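A closer look at the structure
Each chain, written out:
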Amino acid sequence: MYDDLSLEHFMEGLIKRNPHEPEFHQAVNEVAESVIPYIIENPKYRQAGIIERMTEPDRTIIFRVVWEDDEGNIRVNRGFRVQFNNSIGPYKGGLRFHHSVTLSVLKFLAFEQTFKNSLTGLPIGSGKGGSDFNPKGKSDREVMRFCQAFMTELYHHIGPYTDIPAGDIGVGSREISYMFGQYKRLAHQFTGALTGKSLEYGGSHIRAEATGFGNAYFMEEMLKHHNDSMEGKVCVLSGAGNVALHCAQKIAEMGGKVVTLSDSSGFIHDPEGIDEEKLAYLKELKTVRRGKLSEYAETYGCEYYPDKRPWSVACDLAFPCATENELDLKDAKALIKNGCKAISEGANMPTTVEAMHLLQEAGVIFGPGKAANAGGVAISGLEMSQNSMRLSWPAEEVEKRLRFIMRDIHDKCALHGKEGDGVNYVKGANIAGFIKVADAMLAYGVV
């Protein structure tokens, strides 16, 4: 295991142990590129087999979820929880309900969460879970029955000192509410076993806004580090959910101009900028009516491009906030050609490895998701603190703490990613996140 720690040899072994899991392979490869050279320079990590241990989940739980639809049909889905690493705190990470959920996707997300949670500075480990159940098109009663059936099995494996799930794609406040109600019913306890709860029963202010706000804050810190600011910058965003809409809101407050948003059907291009009034319309359109972005284009007289992504639009800054691998090599070339100066990832691994390398080689400042989108889990961690202390901080206090955490994450990345006069934020995030977890694992001995 220790004779050859080259990236190629390490990845060959990992792929052999985890066949048919391309998303997981991609996530590990992106980290290993930065971390393996650091391990070779610091033999204590190599001798303890830290990278081999860190890429193997503590446990993977797979279970059947049986529920009844409104027509009385019995439906069967598959549930998962990947408890990846609890070296620095209890497992922490979202639940995703979507037809694309597989073990590979969840292992990739949980592995990324190890570094993201470490970077926040909070005492939280990493995990991820979910189901191939898709809440879209289901009635509230169907979603409730599924969530209750899902939690009936999951509650055996979670708790405020063991594993604290949160929301993710397909899991919003409605789903969290149903699951928390079932957990409380089964455990006979009112404890902070989930985050993302409503304010009425232990939730935190600005949880919905946190990932988007944090992403904008991280971009602001990167620009400030390079003697620049958000003021007057033309920004292209993908996505039209919580992350993208709140990122757009904060960018506008900082003086930037957001000109695109996208959904699964296409993207809008509004050269005049998406201001406060337009954002209010979009929030109602996407979160209440669950409508299409084409309606925005019709209302405000801008262009709508069906079945396309926004990366060909000329911009100063780009914020991929939709989904995995949405920004590929072709898109990277378009962004470089159009003068994009910096990218801050609001989604999990939205840029392919090839595209990321090309952007970095072209001198584009690149903020990886494990750092730039850590705002959501940071507020989840703060929700855990509030639950433990039986208190609730006002929104201003929570956002102040979020702002500090994102600045601290940036500074860690800048410290460990310094290369000449610039910063390799990918390298910095990976090494900074690695050190804290690895040192804890060393302290425990061989476990």
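Residues numbered from 1 in each chain as written. Predicted model: local features only at pLDDT ≥ 70, side-chain atom pairs only at ≥ 80, totals over all residues. Heavy atoms only, no water.

The protein chain is annotated in an unreviewed UniProt entry as Glutamate dehydrogenase of Seongchinamella sediminis.

In this section: the side chain of Lys128. For Lys128, the position within the fold is in strand S4 (residues 126–131). The class of Lys128 is buried, set by a relative accessible area of 5%. Residues contacting Lys128, with those up to four places away along its chain left out, are Arg81, Val82, Gly93, Gly94, Leu106, Leu109, Ala110, Gln113 and Asp168. (Helix = DSSP H or I, 4+ residues; strand = E, 2+ residues; numbered from the N terminus. Buried < 20%, exposed > 50% of the residue type's maximum accessible area, 1.4 Å probe, protein only. Contact = heavy atoms within 4.5 Å.)

Let us now look at the layout of surface pockets. Counted as a void, the second largest pocket has a volume near 300 Å³. A total of five residues in the lining of the second largest pocket trace back to one element, the largest contributor, which is helix H15 (residues 375–389). Split into classes, the residues belonging to the lining of the second largest pocket amount to nine nonpolar, six polar and one charged. (1 Å grid on protein atoms, 1.4 Å probe; cavity = no way out; pocket = protein on both sides within 12 Å on 5 of 7 lines; lining within 4 Å. Points joined across faces, edges and corners; volume = space filled by probe spheres on them. Nonpolar A, V, L, I, M, F, W, Y, C, P; charged D, E, K, R; others polar.)

Before going further, it helps to examine the sheet that holds strand S12 (residues 365–367). In spatial order, the strands read S9-S8-S7-S6-S10-S11-S12; together these seven strands make up an open sheet with mixed pairing. Single-partner strands in this sheet number two, and they are strand S9 (303–306) and S12. Taking the axes of each pair of neighbouring strands and ignoring which way they run, one obtains an average angle of 15° across the sheet. Here strand S11 (residues 342–344) runs beside S12; their pairing, made up of three bridges, is parallel. Residue pairing for S12: Ile343 is matched across the bridge by Phe366. (Pairing = 2+ DSSP bridges. Axes fitted to C-alpha atoms, helices over the stretch in contact; angles between N-to-C directions.)

The final tally for this structure, using the stated rule, is 31 salt bridges. We note a salt bridge from Arg81 to Asp163, for which the minimum N-O separation is 2.7 Å. Within this pair, whereas Arg81 is found in strand S2 (residues 74–85), its partner Asp163 is found in strand S5 (residues 163–166), the two being separated by 82 residues in sequence. Among the salt bridges present, the one from Glu221 reaches Arg407, with a minimum N-O distance of 3.5 Å. Pair noted here: Glu221 is in helix H8 (residues 210–225) and Arg407 is in helix H16 (residues 395–416), with a separation of 186 residues, a long-range link. (Salt bridge = Lys/Arg side-chain N within 4 Å of Asp/Glu carboxyl O.)

Now for the domain arrangement of the protein chain. Per the domain assignment, the segments making up the protein chain are domain 1 (7–55), domain 2 (59–187) and domain 3 (209–371). Counting residues at the interface gives six residues for domain 1, matched by eight residues for domain 3. For the pair domain 1 and domain 3, the summed buried area comes to about 560 Å², and 54% of that belongs to carbon and sulfur atoms. Area buried by domain 1 at its contact with domain 3 is led by Gln26, Glu30 and Glu33, which between them contribute 77% of it. Our count for the domain 1 to domain 3 interface comes out at one salt bridge. Lys370 is paired through a salt bridge with Glu30; the nearest N and O atoms lie 2.8 Å apart. Scanning the region where domain 1 abuts domain 3 turns up three residue pairs in polar contact (both at pLDDT 80 or more). Of the residues contributing to the side of domain 1 that touches domain 3, the split by class is two nonpolar, one polar and three charged. (Domains from an automatic or database assignment. Buried area = accessible area lost by both parts, 1.4 Å probe. Polar contact = N/O pair within 3.5 Å; in protein donor to acceptor, adjacent residues only side chain to side chain.)

Helix length check: helix H5 (residues 103–119) (17 residues) gives 25 Å between terminal C-alpha atoms against 24 Å at 1.5 Å per residue, within 8%. Within H5, the axis deviates most sharply at Gln113, by approximately 25°. Summarising burial for H5: 16 of the 17 residues are buried, a large majority. In the segment just after H5, Gly121 is the residue with positive phi, at about 80°. (Expected span 1.5 Å × (residues − 1). Bend = angle between axes of the 7 residues up to and from the residue.)

The subject of this paragraph is helix H1 (residues 7–17). Taken residue by residue, H1 has Phe10, Met11 and Leu14 as its buried positions. Each buried residue of H1 lies within a common arc of 95° when the element is viewed along its axis, so the set occupies one face. Relative to its buried face, H1 has exposed residues pointing more than 90 degrees away, namely Glu8, Glu12 and Lys16. (Arc of directions from axis to C-beta.)

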